[in-house]
Amino acid sequence: MASAPSKLYSDDVSLVVVLLDTNPFFWATSSLPFSQFLSHVFAFLNSILLLNQLNQVVVIATGYNSCDYVYDSSLITNQSSDDGRMPAIYAKLLQNLEDFMIRDDKLGKKEEETKGKIASSLLSGSLSMALCYIQRVFRSGPLHPQPRGSPDGPEQYVAVMNSIFSAQRSMVPIDSCYFGAQNSAFLQQASYITGGVYVKPQHLEGLFQYLVTVFATDLHSRSFLQLPRPAGVDFRASCFCHKTTIDMGFICSVCLSIFCKHHKKCSTCGSVFGQSQPDDTSALDHKRKAPET
């Protein structure tokens, strides 16, 4: 399936929505400290704002129990520096981020769902929030900026794919910068289907260079650049019955729901199944269409 084309605009204004993964279970095992990661991200955000005074940056924190807005440059009027080193806006961002992580951690302790395994981040929730924000910007006025948008949680497969296809329909490319040991199938599919860029940095100490040279580029300039391409995209799907990633499965011909074992009836749409052979789920995304809303 060919990736989605990007919208063309007559101006150079960009809206960059950053989904910041704050999952403590991932960062506790990462070779890059979270504080050092944030310093690279802050420098990247500052670069975006310096490229054009009309550029807008929004940061959405993604935890393992919740997600929330922690920064919106359109709401900041004073960008002066208090100590000559760090702008006041980033001090506010850090405070909002700390408050969010405390709230998210309290939710995790209440639910007690993380025993014995690493909890996956709520990618589907933060993606939905980002797309809703972008659509609101599209419809709010004459300026239309150029939108860009831990282990995968198989239980989020349906919600994540719905978000990806919504972004594809709106021609909103999703860029992904991933730090895990293994590639993220969700983010690979998101970037490929929407025409974005997927990068897994090899040298984390040079993260800022990756962010500036790859992700700070506006959509018009990208057509003149040779941006990184993933060597291969994992198109395997997750079954709807057990929420596990499978290579072969049974697909409902009516609603395209996926099951790892044969069922007499589709649990999604209620269609009655006959005897059939399992299909290769890696081809599912080539046959899927964006869901009707």
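Anyway, here's the lowdown on the structure attached to this text.

Rules used throughout
Residues numbered from 1 in each chain as written. Predicted model: local features only at pLDDT ≥ 70, side-chain atom pairs only at ≥ 80, totals over all residues. Heavy atoms only, no water. Helix = DSSP H or I, 4+ residues; strand = E, 2+ residues; numbered from the N terminus. Buried < 20%, exposed > 50% of the residue type's maximum accessible area, 1.4 Å probe, protein only. Areas by Shrake-Rupley, 256 points an atom, 1.4 Å probe, with all protein chains shown as cover. Salt bridge = Lys/Arg side-chain N within 4 Å of Asp/Glu carboxyl O. Axes fitted to C-alpha atoms, helices over the stretch in contact; angles between N-to-C directions. Parallel < 35°, antiparallel > 145°, perpendicular 65-115°, else oblique. Left-handed = near helix turned anticlockwise from the far one by under 90°. Contact = heavy atoms within 4.5 Å. Nonpolar A, V, L, I, M, F, W, Y, C, P; charged D, E, K, R; others polar. Core = buried A, V, L, I, M, F, W, Y, C linked by side-chain atoms within 4.5 Å.

### A closer look at the overall build of the protein
Right, so step 1: Within the protein one finds 9 helices and 11 strands.
Right, so step 2: By residue count, 46% of the 293 residues in the protein fall in the buried class.
Right, so step 3: Carbon and sulfur atoms make up 54% of the accessible area of the protein, which totals about 15300 Å².

### Thoughts on the pattern of salt bridges
Between side chains of opposite charge, a pair can form as their charged atoms come close.
Right, so step 1: In the structure shown here, the tally under the stated rule is 2 salt bridges.
Right, so step 2: For the salt bridge of Asp68 with Arg103, the shortest nitrogen-to-oxygen distance reads 3.3 Å. With a gap of 35 residues between them, Asp68 in strand S3 (residues 67-72) and Arg103 in helix H3 (residues 88-111) connect regions that are remote in the sequence.
Right, so step 3: The exposure class of Asp68 is partly exposed, given its relative accessible area of 28%.
Right, so step 4: Residue class for Arg103 comes out partly exposed when judged on its relative accessible area of 41%.

### Thoughts on the packing of helix H5 (residues 157-169) against helix H6 (residues 185-194)
Right, so step 1: With their axes 9 Å apart at the nearest point, H5 and H6 run at an angle of 20 degrees to one another. Here H5 lies roughly parallel to H6, going by the angle between them. Crossing of H5 against H6: the hand is right-handed. Contacts between H5 and H6 involve Tyr157, Val160, Met161, Ile164, Phe165, Ala167 and Gln168 on the former and, on the latter, Phe186, Gln189, Ala190, Ile193 and Thr194.
Right, so step 2: A breakdown of the residues in the contact of H5 with H6 according to their chemical character gives 9 nonpolar, 3 polar and no charged.

### A few points about the nonpolar core
Right, so step 1: Leu15, Val17 and Tyr157 are the most contacted members of the largest nonpolar core, which has 36 residues in total.
Right, so step 2: Contributing elements (two or more residues each) for this core: strand S1 (14-21), strand S2 (56-62), helix H4 (123-140), H5, H6 and strand S10 (258-259).
Right, so step 3: For this core, the element with the highest residue contribution is H4, accounting for 9 residues.
Right, so step 4: Counting 34 residues, the second-largest nonpolar core is a separate cluster that includes Trp27, Leu49, Tyr90 and Leu97.

### A closer look at H6
Right, so step 1: Most of H6 is tucked away, with 9 of its 10 residues classed as buried.
Right, so step 2: Along H6, the residues that are buried comprise Ala185, Phe186, Leu187, Gln188, Gln189, Ala190, Ser191, Ile193 and Thr194.
Right, so step 3: Of the residues one or two after H6, Gly195 is the one with positive phi, at around 80 degrees.

### Focus on the environment of Leu211
Right, so step 1: Relative to the helices and strands, Leu211 resides in helix H7 (residues 207-215).
Right, so step 2: Along the chain, Leu211 and Val199 lie 12 residues apart, while their C-alpha atoms are 9.5 Å from each other.
Right, so step 3: In this view, Leu211 contacts His40, Val41, Phe44, Cys177 and Ala216; residues no more than four positions away in its chain are not counted.

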